[in-house]
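# Survey of secondary and tertiary structure
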Amino acid sequence: MSSYNSLEHAASSYLRSAMHQPVRWHEWSTEAFALAAEEDKPVLLDIGAVWCHWCHVMDRESYEDASLAEVINEHFVAVKVDRDERPDVDSRYQAAVQAMSGQGGWPLTAILTPDGRPFFGGTYFPRDDRYGRPGFERVLRTLADVWKSKRGDALETAGSVLAAIEHGESFSGRGGSLGLELIDKLAASAVNQFDPRNGGFGTQPKFPHPAALDLLIDLASRTGNEAAKQAAAVTLSKMAAGGIYDHLGGGFHRYSVDDRWVVPHFEKMLYDNAELLKNYVHAFQSFVDPEFARVAKDIVRWMDEWLTDRELGGFYASQDADVSLDDDGDYFTWTLEEAAAVLTENEMAVAGLFFDIGEMGDMHHNPKKNVLHVKYTVDEVAQRLSRSVDEVRRDLESAKKKLYAARLLRTTPFVDKTIYTSWNALAVSAYLEASQVLQLAAPRDFALKTLDRILREGWSTEVGLAHVIAYSDQQQARQRVAGVLDDYAFLVHACVDAWQATGEMRYYNVAMELGDAMVARFYDATGGGFFDTETPTGEVLGALVARRKPLQDTPTPAGNPSAAAALLRLEALSGREDFREKAEDTLEHFGGIVEHFGLYAGTYGLALARLLLAPVQVVVIGSDEHAPQLAAMATARYAVNKSVIALRREQVLAENLPPVLAETLPALPMLREQGSFAVVCQGNSCQPPTRNAEELLRELSGV
């Protein structure tokens, strides 16, 4: 008889990590809920992720405890869900637990009726009473008793909580006007929470908020808003100096537990790094600070090294924070002795000052462990050590290489190699933008390789889009996980970005197919806006019966404004008025309430800017030595409504262009001459072409 539970047949890394536990776990399935009904038991639902530290703590303390497993197996049917694999399940039960307890997060622990309606919920529970929290065994025994002796109360709670789930993000907030002043209000909300001393928004814990940062960068570039510029630039600079940034390997950890960005939660997520890569690229475009370009390249370096399938294409999902439950970021942190052991005396003197490596470090579990963060500038270190800036810079670079080489000898935290469509699409777009602005060929090539794989393995016009392309151990799913709104919306953006980068019509054509499919599968033709999942058919399990229209960035861009922005980009190329109407209707759907979301409505603000500002397309035609200069000028200053399109001369034929450009570009007289040139089109008209980079910059400053 197998010593494993049924999760040994799961494909998800998170679920498979629990297959040896004595709890009789089930995957989210019709069979699990049918068993609960048959045995008249409530369902214990655990939702977590492979990168989630406290999920593994609860696994070890509670679910690997044989005596507690007996209680669970006797009184409950246990269901475990990977939140990355099933965002539709997670979002609904998060809303439920927030309605019941006032807080959410992972691990998410909920008790459900046999038909999946929650009547109790929380997050992490210790095995026994401590931290001011009731012990998990006491909680479970109490709830088992409630189910048997006070079932009416449980069912009443379940009914009201299900209503709260649906209300959570399905409100209609029509009203008010969709004007630029609404964007100003959203930006002002972020600026009001800006921490001028440390960067970021609010107090600890601090999250990056990439969409809000892009909104501020766009506003600063477009209007000269100094407060928006300060909030974005200071935040990005402080984050890049903080411990939330990996100064040796590159890339960013998920968030900071303190308000100075020093001590992070050490897991590294694909979606965070993809969106932050865009932030640093956009900040470099607008503020021309070379430090922003350096950080962007460093994010690409880390993603290339750790999160990419170099052979097939594809971006992996995440890297864990810890190697075991007994450490807390030990892989990423250093004692003074550990650093001194691999550095020369001069290197240690420089690195110790620059990165604030001391006898007393930053970590609670081991006070000697230091999180590398920038305390002094290179110039300040040189002054303190009475050495030249060049010498300090040389020793610092040498120290970083040696520390990274030493770190690579440590046991590496687990990398979840699952390939999710939505997160990959975000990364494809980020790589293409970085390639274009920083003029790097390799990220472009890898982005296109990845996009081709996603489309080849995940998309079919008949069946739709898959949410998961491949699992961590390359297992194919036993059953396909259907794409959600995010998968479609983000992939439309990635395909449009790929068309802009290559001029290959296959990317434009599939973007249009995906746009049509997104509308057909998710758009609410009656009430307006987009549901996050397709209309259910057949039996619907648990809270999936609740329909939701996501507006809030979480921290990935919210589905509704992302979908609206995707349709607006397609309309700008195709002239499809129906796409614009649905985008406008979607933004109107939330127009009356969106300002209350402030910092969490950055994606909405960016989509609204696309709606209200005429699209600007800068087309660089040709491939001689002047083309890169024109492209560099074209990308100067980030603007959400600006696209830079690279075309070879032979691609400028009506049959090779989207309808809007096919009407204007093939008639340009410069096509009959030699040499590269650029043309700026705004709305339905184009300015005269130019070969002069400075002239192009002047033209763009007037749009």
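What this report covers is the structure whose coordinates are included nearby. A quick note: this is a predicted structure, and the numbers were derived from the prediction, not measured.

### What to know about the sheet that holds strand 10 (residues 415-416)
- Taken in spatial order, the 3 strands make up an open sheet running 8-9-10, and their pairing is antiparallel. The open sheet has two free edges, formed respectively by strand 8 (268-269) and strand 10, since each of these has just one partner strand.
- Sheet topology note: the strand 8/strand 9 (residues 318-319) ladder contains 2 bridges and is antiparallel. What sits directly across from M269, in strand 9, is S318.

### Remarks on the packing of aromatic side chains
- A complete count under the given rule lists 25 aromatic pairs for this structure.
- Ring geometry for W51 against W106: centres 5.8 Å apart, planes inclined by 80°, an arrangement best described as edge-to-face. Here the residue W51 occupies a position in the loop between strand 2 (43-48) and helix 3 (53-63), and W106 occupies one in the loop between helix 5 (87-101) and strand 4 (108-112), the gap between them amounting to 55 residues.
- Taking the relative accessible area as the measure of exposure, W51 reaches 2% and is therefore buried.
- Put simply, the rings of W25, Y63, F120, F125 and F136 pair up and form one aromatic cluster.
- One residue, R301, lies across the ring of Y404, its end atom 5.7 Å from the ring centre.
- Lying over the aromatic face of F579, R576 brings its terminal NZ or CZ to 4.0 Å of the ring centre.

### With respect to the side chain of S13
- Position of S13 among the secondary structure elements: in helix 1 (residues 13-16).
- With a relative accessible area of 13%, S13 lands in the buried category.
- A polar contact of 3.4 Å, which involves the side chain of S13, links it to the side chain of D416.
- What S13 contacts, discounting residues up to four positions off in sequence, is V50, F414, D416, T418 and S472.

### Quick notes on the packing of helix 18 (residues 441-458) against helix 19 (residues 485-502)
- Following both chains from N to C, one finds helix 18 and helix 19 inclined at 135°, their axes separated by 11 Å at the closest point. Here helix 19 runs oblique to helix 18, going by the angle between their axes. The two elements helix 18 and helix 19 cross, and the hand of that crossing is left-handed. Each of R444, L448, L451, I454 and L455 in helix 18 lies in contact with helix 19, whose residues at this interface are L491, A494, C495, A498, A501 and T502.
- Looking at the contact of helix 18 with helix 19 residue by residue, the classes come out as 9 nonpolar, 1 polar and 1 charged.

What counts, and at which threshold
- Residues numbered from 1 in each chain as written.
- Predicted model: local features only at pLDDT ≥ 70, side-chain atom pairs only at ≥ 80, totals over all residues.
- Heavy atoms only, no water.
- Pairing = 2+ DSSP bridges.
- Helix = DSSP H or I, 4+ residues; strand = E, 2+ residues; numbered from the N terminus.
- Phe/Tyr/Trp six-rings, centres within 6.5 Å; stacked < 30°, edge-to-face > 60°.
- Buried < 20%, exposed > 50% of the residue type's maximum accessible area, 1.4 Å probe, protein only.
- Lys NZ or Arg CZ within 6 Å of the ring centre and 35° of its normal.
- Polar contact = N/O pair within 3.5 Å; in protein donor to acceptor, adjacent residues only side chain to side chain.
- Contact = heavy atoms within 4.5 Å.
- Axes fitted to C-alpha atoms, helices over the stretch in contact; angles between N-to-C directions.
- Parallel < 35°, antiparallel > 145°, perpendicular 65-115°, else oblique.
- Left-handed = near helix turned anticlockwise from the far one by under 90°.
- Nonpolar A, V, L, I, M, F, W, Y, C, P; charged D, E, K, R; others polar.

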